[in-house]
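An overview of the molecular structure
The residues making up each chain are set out below.
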Amino acid sequence: MSEITPITPASNESAPFMLQYAMDYMDEELDKLLALSHVLVRELEPKDPKNPTDSDNLTAWRTAEILCERLNEVEFSNTMREMVLSKQAV
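Everything numeric in this text was worked out from a predicted model, so none of it was measured.

Scoring rules and cut-offs
- Residues numbered from 1 in each chain as written.
- Predicted model: local features only at pLDDT ≥ 70, side-chain atom pairs only at ≥ 80, totals over all residues.
- Heavy atoms only, no water.
- Helix = DSSP H or I, 4+ residues; strand = E, 2+ residues; numbered from the N terminus.
- Buried < 20%, exposed > 50% of the residue type's maximum accessible area, 1.4 Å probe, protein only.
- Contact = heavy atoms within 4.5 Å.
- Areas by Shrake-Rupley, 256 points an atom, 1.4 Å probe, with all protein chains shown as cover.
- Patch = residues over 30% accessible without salt bridge, like charges linked within 9 Å, V, L, I, M, F, W, Y side chains within 5 Å.
- Salt bridge = Lys/Arg side-chain N within 4 Å of Asp/Glu carboxyl O.
- Expected span 1.5 Å × (residues − 1).
- Polar contact = N/O pair within 3.5 Å; in protein donor to acceptor, adjacent residues only side chain to side chain.
- Lys, Arg positive; Asp, Glu negative; His and termini not counted.
- Charge placed at Lys NZ, Arg CZ, Asp CG, Glu CD.

1. Considerations on the overall build of the protein chain
Along the protein chain, the regular secondary structure elements total 2 helices and 0 strands. Burial analysis of the protein chain (90 residues in total) assigns 11% to the buried set. Contacts in the protein chain between residues far apart in sequence, at least 24 positions, make up 61% of those at least 6 positions apart. Here the protein chain displays about 8,000 Å² of accessible surface, and carbon together with sulfur accounts for 61% of that area.

What follows is the structure in structure tokens.
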């Protein structure tokens, strides 16, 4: 029976590219979640938010709003971190 050899980068030079690929993937996923949260807020919002009816699901609507707010904060934090890191690299 042959042994399984672990996959390792050919050199340390490929590590930054792998990290950038992973970060780009996470950014894309964050963008998808943010878009989904905006759709949820729009779909769950009562016809008259100032005067909701009993048939409106206010808990789901508010939960979607909170999710959207938190994802916006994460996106803002990521943008600020990228700006700081890019200035340090110069």
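2. Quick word on a nonpolar patch on the surface
On the surface, Leu-33, Leu-36, Leu-40 and Leu-67 cluster together to form a nonpolar patch covering roughly 330 Å² of accessible area. No other element matches helix H1 (residues 14-44), which puts 3 residues into the nonpolar patch. With respect to the element layout, Leu-36 can be found in helix H1. Of the residues examined, Leu-36 reaches a relative accessible area of 47% and is grouped as partly exposed.

3. What about H1?
Taking 1.5 Å of rise per residue, the 31 residues of H1 would be expected to cover 45 Å, and the 45 Å separating its terminal C-alpha atoms lies within 8% of that figure. When we look at burial in H1, the residues that qualify are Leu-30, Leu-34, Ser-37 and Val-41.

4. Concerning the side chain of Ser-37
Among the structural elements, Ser-37 can be located in helix H1. In this structure Ser-37 comes out as buried when scored by relative accessible area, which is 1%. Among the polar contacts made by the side chain of Ser-37, one reaches the main-chain carbonyl oxygen of Leu-34 at a distance of 2.7 Å. Among all residues touching Ser-37, those that are not within four sequence positions of it are Ala-64, Leu-67, Cys-68 and Leu-71.

5. Observations concerning the pattern of salt bridges
Oppositely charged side chains can form a pair if their charged atoms are brought close together. If you walk through the whole model with that rule in mind, you get 5 salt bridges. Arg-62 is the salt-bridge partner of Glu-65, the closest N and O atoms lying 3.2 Å from each other. Placement of both Glu-65 and Arg-62 in helix H2 (residues 58-89) is noted, with a separation of 3 residues, approximately one turn of the helix. Classification of Glu-65 as partly exposed rests on a relative accessible area of 22%. Within the structure, one salt-bridge network assembled from shared partners comprises Arg-62, Glu-65 and Glu-69.

6. Looking at a negative patch on the surface
On the surface, a cluster of negative charge is made up of Asp-24, Glu-28, Asp-31 and Glu-82. The dominant element in the negative patch, judged by the number of residues it contributes, is H1, at 3 residues. Its location among the elements puts Asp-31 in helix H1. Judged by relative accessible area, which is 41%, Asp-31 ranks as partly exposed.

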